[in-house]
Amino acid sequence: MSVPNQTPYIIYNANGLTTVFPFEFYIINSGDIQVSLNGDVLTTGYSVSGVGNVGGGDVTFLTPPANGSVVMLERVVPTYRLTDYQDNGDLLADTVNKDFDRLWMAIQRSFIYLGLALRRPLFGGPFNAEGYRISNLADPINQQDAATKNYVDNVSLVRTLRVPENYVNALPAADQRANRLLAFNEAGNPITVLPPSGSASDVLIELAKPTGAWLIGRSNSLQQLLTFNVQVGYVYETEGYYSSGDGGGARYLISSTQGEIPELAYLCTNGLYAILQHNGTISIEQLGGKGVSLGQTATEDSWPAFYKAYQIKRAHLFDLSIEFVAGKSAYYCSKPVLLTTGMTLRTPNSSWVCKIIYGGGTVSATEVPDVTPPIVDDPVIQFSTIRAHVLVIGTNGNPCYYATIDGFQFRNDASISATGLYGVYGPYMSKVNIKNCRHEKVNYGIRWINNWGGSISQTIYLGIDTSVAPVAGSVGVWGEPAAGISSYTNGGTSLTLDVVGSSGFQTGFKLTNQQYTTLNSCYSEKGNNRALEFTGCDGIVINAFGLENLINTLFSCIRFNNSRVTVNSLVFAYNNTASGGNVFFATDRSKINIVGVSFGRLTNIGSALSLFNVDGTSEMSVDGPVDIPASLISSTGYGFATVNGKLYSDNIFTGTLGIANGSATTNAVTFTANEFSYKFKGGSVWFNYYAAWTGGSGSDMQVYGFPKNFAKECTFHASLPAAAKVVYARSVLATNRVRISGAADASNTTIPTSGALFIQGEYVI
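In this report, we go over the structure that sits alongside the text. (Residues numbered from 1 in each chain as written. Predicted model: local features only at pLDDT ≥ 70, side-chain atom pairs only at ≥ 80, totals over all residues. Heavy atoms only, no water.)

### A word on the overall build of the protein chain
Stated precisely, the cut-off is as follows: Only DSSP runs of H or I with at least four residues qualify as helices, and only runs of E with at least two residues qualify as strands; both kinds are numbered from the N terminus onward. Partly exposed describes any residue whose relative accessible area lies between the buried limit of under 20% and the exposed limit of over 50%, with all areas from a 1.4 Å probe on protein chains only and scaled to the type maximum. Exposure was quantified through the Shrake-Rupley algorithm and a 1.4 Å probe, taking into account, for residues, occlusion by the shown protein chains and nothing else. In this count, Lys and Arg are taken as positive residues and Asp and Glu as negative ones, while His and the chain termini are left out. The location of each charge is read from NZ of Lys, CZ of Arg, CG of Asp or CD of Glu.
Tallying secondary structure elements over the protein chain gives 7 helices and 60 strands in all. Judged by the C-alpha coordinates and their principal axes, the protein chain covers about 125 × 110 × 50 Å. Each of the 765 residues in the protein chain was classed as buried or not, and the buried ones make up 47%. For the protein chain, the computed accessible surface area is about 36800 Å², with 52% contributed by carbon and sulfur atoms. Charge separation in the protein chain, taken as the distance between the mean sites of 48 positive and 55 negative side-chain charges, equals 7 Å.

### A short note on a nonpolar patch on the surface
What counts here: Excluding any residue in a salt bridge, patches collect residues exceeding 30% relative accessible area, merging like charges within 9 Å and nonpolar Val, Leu, Ile, Met, Phe, Trp and Tyr side chains within 5 Å. We count a salt bridge whenever a side-chain nitrogen from Lys or Arg sits within 4 Å of a carboxyl oxygen from Asp or Glu.
Among the surface-exposed residues, Leu103, Trp104, Ile107, Phe111 and Leu114 lie close enough to one another that they form a single nonpolar patch of about 550 Å² accessible area. As for its placement among the helices and strands, Trp104 is situated in helix α1 (residues 93-115).

### Some thoughts on the nonpolar core
Where we set the bar: The nonpolar core is taken to be a set of buried Ala, Val, Leu, Ile, Met, Phe, Trp, Tyr and Cys residues, with the residues joined through side-chain atoms within 4.5 Å.
Of all hydrophobic cores here, the largest spans 154 residues; its most connected members are Phe584, Phe599, Phe612, Phe640 and Ile759. It is helix α6 (residues 303-315) that provides the largest number of residues to this core, a total of 7 residues. Judged by nonpolar contacts, the second largest core, of 12 residues, contains Phe23, Phe25, Ile33 and Val35.

### Examining the packing of aromatic side chains
Selection criterion: Aromatic contacts are taken between Phe, Tyr and Trp rings whose centres are within 6.5 Å, Trp giving its six-membered ring; a plane angle under 30 degrees counts as stacked, one over 60 as edge-to-face, and the others as tilted. Here, a charge over a ring is recorded when the distance from Lys NZ or Arg CZ to the ring centre is within 6 Å and its angle to the ring normal is within 35 degrees.
Per the stated rule, a full pass over the model turns up 40 aromatic pairs. Geometrically, the ring pair formed by Phe687 and Phe706 is edge-to-face, given 5.2 Å between the ring centres and 80 degrees between the ring planes. You can see Phe687 sitting in strand β55 (residues 684-694) and its partner Phe706 sitting in the loop between β56 (701-704) and β57 (715-719), a full 19 residues away along the chain. For Phe687, a relative accessible area of 2% translates into the label buried. Residue Phe706 is classed as buried on the basis of its relative accessible area, which comes to 3%. Across the ring face of Trp303, the terminal group of Lys335 is positioned such that the distance to the ring centre comes to 4.9 Å.

### Digging into the sheet that holds β56
This is how it is decided: Think of it this way: DSSP has to see at least two bridges between two strands before they count as a pair. Helix axes are fitted to C-alpha atoms over the stretch in contact, other axes to C-alpha atoms as well, and angles between N-to-C directions run from 0 to 180 degrees.
What the 9 strands build is an open sheet, ordered β52-β54-β55-β60-β57-β58-β59-β56-β53; its pairing is antiparallel. Each having just a single partner strand, β52 (653-655) and β53 (658-661) make up the two edges of the open sheet. Across this sheet, the average inter-strand angle for adjacent strands is 25 degrees, counted without regard to direction. Bridging between β57 and strand β60 (residues 755-764) involves 3 bridges; their strand directions are antiparallel.

### A few points about the pairing of strand β39 (residues 530-535)
Each regular strand displays side chains that alternate between the two surfaces of the sheet. With 6 of 6 residues buried, β39 is to be regarded as a mostly interior element. Note: strand β35 (residues 507-512) against β39, 5 bridges, orientation parallel. Note that in β39 the partner of Thr507 across the bridge is Arg530. Pairing analysis gives 4 bridges linking β39 to strand β42 (residues 556-561), with the strands arranged parallel. Across the sheet, Leu532 pairs through a bridge with Ile558, a residue of β42.

### Regarding the environment of Arg102
Put simply, the rule reads: What makes two residues a contact is simply this: any of their non-hydrogen atoms within 4.5 Å.
Within the secondary structure layout, Arg102 lies in helix α1. Measuring from C-alpha to C-alpha, the distance between Arg102 and Val614 comes to 88 Å, with 512 residues separating the pair along the chain. In this structure, Arg102 is in contact with Ile28, Asn29, Val77 and Leu82, ignoring residues within four places of it in sequence.

### A few points about the pattern of salt bridges
Here the structure, examined in full by the defined rule, presents 12 salt bridges. Note that Glu237 and Arg251 form a salt bridge whose closest N and O atoms lie 2.3 Å from each other. Here Glu237 is found in strand β11 (residues 235-238), whereas its partner Arg251 is found in strand β12 (residues 251-255), with 14 residues between them in sequence. Here Glu713 ties to Arg730 by a salt bridge, and the two come within 3.4 Å at their closest N and O atoms. With Glu713 in the loop between β56 and β57 and Arg730 in strand β58 (residues 727-732), this pair connects stretches of sequence that are 17 residues apart. Assessed through its relative accessible area of 35%, Arg730 is described here as partly exposed. Each of Arg218, Glu237 and Arg251 takes part in one network of salt bridges that share partners.

What follows is the structure in structure tokens.
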């Protein structure tokens, strides 16, 4: 019997139940199969069947191997000859075949193991481990020996200074490194130097010595520390800023100079300075803030502390990395909180919201001088004239770069007037991030002139009174160049708004000349006369926008002026009312793509309402699902679209038409069927109409109620089987009606007492 080309092993993962494990290779004797469990060879506890079968057999265990154990069945034949042939002895075919079979079985197994060996190509090159580890290596001795992980981790790298160059000098000895700083000379080789006397490095080295504890003093507060007869090089820990436990405790280094950050140096009565030490964060309390730990309001003014944070960052825009943390529950600020380039103002963690009560004041021109804008033709920015919860301030000729404010709820003091008040006034911003904020009772939620590369997320802006009609001219999110809609300058680019809400403003979102910007899961609610207004915008994408409690009285709820915008899902979610006019209005060369819109919670209380209005210069595409409730369709003056430009839609809309006698607007029949379907395709409407009736009367049969008035003469195919003549439908100019006329003489057609009418066609709008 020949030895077939088989894989002489098989591996199983036991499940704790199975006892029979098949093998699919040829064995001559039961001893030719080796059974192992988790790598351990077994000699008992199983039986073998299928000996001599080319297709193999089974190994049956007396006890099922444990779940998860690895069972391996492998053919292992002796590598020595079992038969001794004698002169003139029997030379039987079965004996000789089995001998040769064992040779080929041994060769097959050898080739399998050869394939698992570490190999290299015959023509040279390195050995290839094919992604497997090599274990049990000895540590290297000679130059070209392989290195083990143990050698690299514990012998090599622990003594090595790694640099890109091929060689670097060793570090100085321990006695030359003690109490010194590591530095590098002009050749890039390591040296040690003494730290500057009184520097933070010098202090930390001194504190690390066994005698370091003797250099640390304590004080109830910074104010008390400043009265001490302190000494240079000493470090003091305070328990507060004004008094013990007020949250302003810190560590101070005593120095004869103000150090690298003079704003953090406090003059002691003996002429030395106490310099605030920090680890990259400074709390508002460490700057003199007077917040409260419990409650929703505060009365003592913390604005000087917030202003000091601004001053520190303003003096070190790019050479100082410090975040300012407001850790109290509430603060009172008589003037706006200030944010500038590179500054981060946040709460201790994402679950903390800090309340700031705004006192209604403005900064002085000395505190925040006028700033020259980055756009040459724009006027100088006079921050001293702006009332706002937050002012975002750039430098002369530059916007505010890379600033963040996170986790604040702004309210107004009960005594102030909210007239002309901003939540955030940030005229020129770049990569500014506003997160987890809330601004209440403002005329303008956020206002920018140019804003690019930044984000606003998890933030809501609330108008003066969200329970009544909004204040005229108020805007929730407002981005517009200094020259307004006539400006040729950009209003910003690459901006992302995530979950941003506008509540109680006349216009929810108003963007002018904004480019490639995205609104994700944003919403407009409570009294907004107009939810969205875009002018001169390009590449705007709106994803999942919601409207609630809208009262639209401004002709259009969502207006596009000379803009290119894509709307991916917009929903009238709750209690929205339109006083006629338009819902979507595209004008002045706009190109609008709407993919999915639900009018499910929109009520029309006006005399005429058009869901989509496209002027003669614009185009609009309405694709995806469009949900229009029956109550809206049946409302007074409802119309799907008012189209003078081009409207595209893959949706097939349905409705009804009327059959009247002459120019009447009441039906002259009793319908038993009334089915009108139509589709917009650019500048035309495709439609089909079928009606059946009884009780008809009249001498001039007209069909009225088409979605668009006829501006041109049109004739359509029509069929009126009950008539005694061939008919067609002909448009009545400047109306939404067609007259059913005789094909031969264009005569009027009498309405049959009962019958059916078919009309089909396309007309240009």
